[in-house]
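# Summary of structural features
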Amino acid sequence: MALIPLITLLDLVNPTALLLNRLFVAAPALAAASWNVIGTGLIGLAALGADVALALGYGLFGQRGSWLTLIVIAVVTLAAMYVSNVRRQRERALADVLSVAEAAQQALLRPLPRRLGPLRMEALYLAAAARARIGGDFYEAQYTPHGIRLLIGDVRGKGLPAVQVAAVVMGAFREAAAEAPDLPALAARLETSVHRFSLQVPAPDAEERFATALFIEVPEDEPMVRTLSCGHPPPLLLSEGRVHVLESSMPSPPLNLAMLLEAQYTVDVSPFRPGDSLLLYTDGVSEGRDLAGDFYPLTERVEGRCDTSPEALIEHLRTDLLAYTAGTLDDDVAALVVHRTALKQG
């Protein structure tokens, strides 16, 4: 809209050569990028009207050059209206796809409760792909008779195949979390589910379908936490102002590889007292790189924030990681902060 009066003014300032009016074609061409079909057509008509007014004012209307300019503006306007219509259709299609993706994410990664028994929780999820809502990272928490059980993991690869495996893992965890007597039995149930899925849904990379996973069990009445790692990065324990890396004494292979390697599941026990926090994360956090190619120093970056709330710690992690990587993530990112408030009194 601004181009039409601007070009008209410039043409009036330079009346010796009626050449600037040819720039009127830019108005409908630019309108197609943001206006609807009718709006684009009206912009084109306004450009035609301004061109006719200038030609009449100079007494050039009806000459060959004048007709040629009008024809070019009209043709560009029609083409811009077509482009505008195509753009609007694609925008509606994209909105539908994003809506479906949003629903899929809510089904796969349901919002975790802020409080579950004696635990306060806050989660973070960042998809590496532009406009993506979901990926291969996942997390979940369930209140069970054995305590609060949590899961965080990362499927190898990206895209729809990774989402499918993540959906299988999450569905199996939600089904078995309350029934499995201990963490090894729970991990074995998920291993069976992923292995069965790989057999039922064959693909060229079926043998490479696997997911790292970290299982957490927090008894309500004991100041401790049980962890079982299936090839997943170790959690961080934030306690008394210090950060402790809870390395697994004997990590198991990722899900869908344990059967092949005949692995045994090992449970580690660590103190987890009221006031302590656990930071669970996927390798998208620890393997984030800056412009020089250096990995994100997670442990150093959370030093001094042991006493912050789960919400504040997650927000710090999100902003600090994006700043460190200059907003460019090579992999999906998932993180979960679990803060213990009290012990259940028997």
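Basis of the calculations
- Residues numbered from 1 in each chain as written.
- Predicted model: local features only at pLDDT ≥ 70, side-chain atom pairs only at ≥ 80, totals over all residues.
- Heavy atoms only, no water.
- Helix = DSSP H or I, 4+ residues; strand = E, 2+ residues; numbered from the N terminus.
- Rg over C-alpha atoms; globule rule 2.2 N^0.38 Å.
- Contact = heavy atoms within 4.5 Å.
- Buried < 20%, exposed > 50% of the residue type's maximum accessible area, 1.4 Å probe, protein only.
- Pairing = 2+ DSSP bridges.
- Axes fitted to C-alpha atoms, helices over the stretch in contact; angles between N-to-C directions.
- 1 Å grid on protein atoms, 1.4 Å probe; cavity = no way out; pocket = protein on both sides within 12 Å on 5 of 7 lines; lining within 4 Å.
- Points joined across faces, edges and corners; volume = space filled by probe spheres on them.
- Nonpolar A, V, L, I, M, F, W, Y, C, P; charged D, E, K, R; others polar.
- Core = buried A, V, L, I, M, F, W, Y, C linked by side-chain atoms within 4.5 Å.
- Salt bridge = Lys/Arg side-chain N within 4 Å of Asp/Glu carboxyl O.

## Some words on the overall build of the protein chain
Counting its regular elements, the protein chain contains 10 helices and 11 strands. Taken against the 2.2 N^0.38 rule, which gives 20 Å for 346 residues, the C-alpha radius of gyration of the protein chain at 30 Å runs more than 25% over that of a compact globule. By principal-axis analysis of the C-alpha atoms, the protein chain measures approximately 95 × 50 × 40 Å. Sequence-distant contacts, at least 24 apart, represent 70% of the contacts inside the protein chain between residues at least 6 apart.

## Quick word on the pairing of strand β11 (residues 333-340)
In terms of residue burial, β11 counts as a mostly covered element, since eight of its eight residues are buried. Of the two faces of β11, the one carrying Val333, Ala335, Val337 and His339 and the one carrying Ala334, Leu336, Val338 and Arg340 are both buried. Here strand β2 (residues 119-126) pairs with β11 via eight bridges, running antiparallel. Note that in β11 the partner of Ala123 across the bridge is Leu336.

## Here's the deal with the sheet that holds strand β9 (residues 268-271)
Read across the sheet, five strands follow the order β3-β4-β5-β6-β9 without closing on themselves; strand pairing throughout is antiparallel. Of all the strands in the sheet, just β3 (137-144) and β9 have a single pairing partner and so form its edges. Neighbour-to-neighbour, the strand axes of this sheet turn through a mean angle of 20°, independent of strand direction. The strands that helix α6 (residues 183-200) touches are β4 (147-155), β5 (211-218) and β6 (224-230); relative to β5, the one it contacts most, it runs at about 150°.

## Regarding empty space enclosed by the protein
Rolled over the atoms, a probe with the dimensions of a water molecule shows which regions are left empty. Evaluation of the coordinates by the stated rule reveals one cavity of 30 Å³ or more. By volume, the largest cavity amounts to about 30 Å³. Lining the largest cavity, in full, are Leu214, Thr227, Ser229, Pro235, Leu246, Glu247, Ser248 and Asp268. Its residues assigned to classes, the lining of the largest cavity comprises three nonpolar, three polar and two charged.

## What about the nonpolar core?
Counting 50 residues, the largest nonpolar core has Phe138, Leu150, Leu151, Leu190, Phe215 and Leu278 as its most contacted members. Broken down by element, this core gets its largest block of residues, nine residues, from helix α5 (residues 159-176). In this view, Leu278 contacts Ile216, Val225, Leu236, Leu237, Leu246, Phe272, Leu336, Val337 and Val338; residues no more than four positions away in its chain are not counted.

## Digging into the pattern of salt bridges
All told, the structure shown has 12 salt bridges when counted by the stated rule. Taking the shortest distance from any N to any O, the salt bridge between Glu140 and Arg174 comes out at 2.6 Å. Here Arg174 lies in helix α5 and Glu140 lies in strand β3, a separation of 34 residues in the sequence. Note that Asp320 and Arg301 form a salt bridge whose closest N and O atoms lie 3.1 Å from each other.

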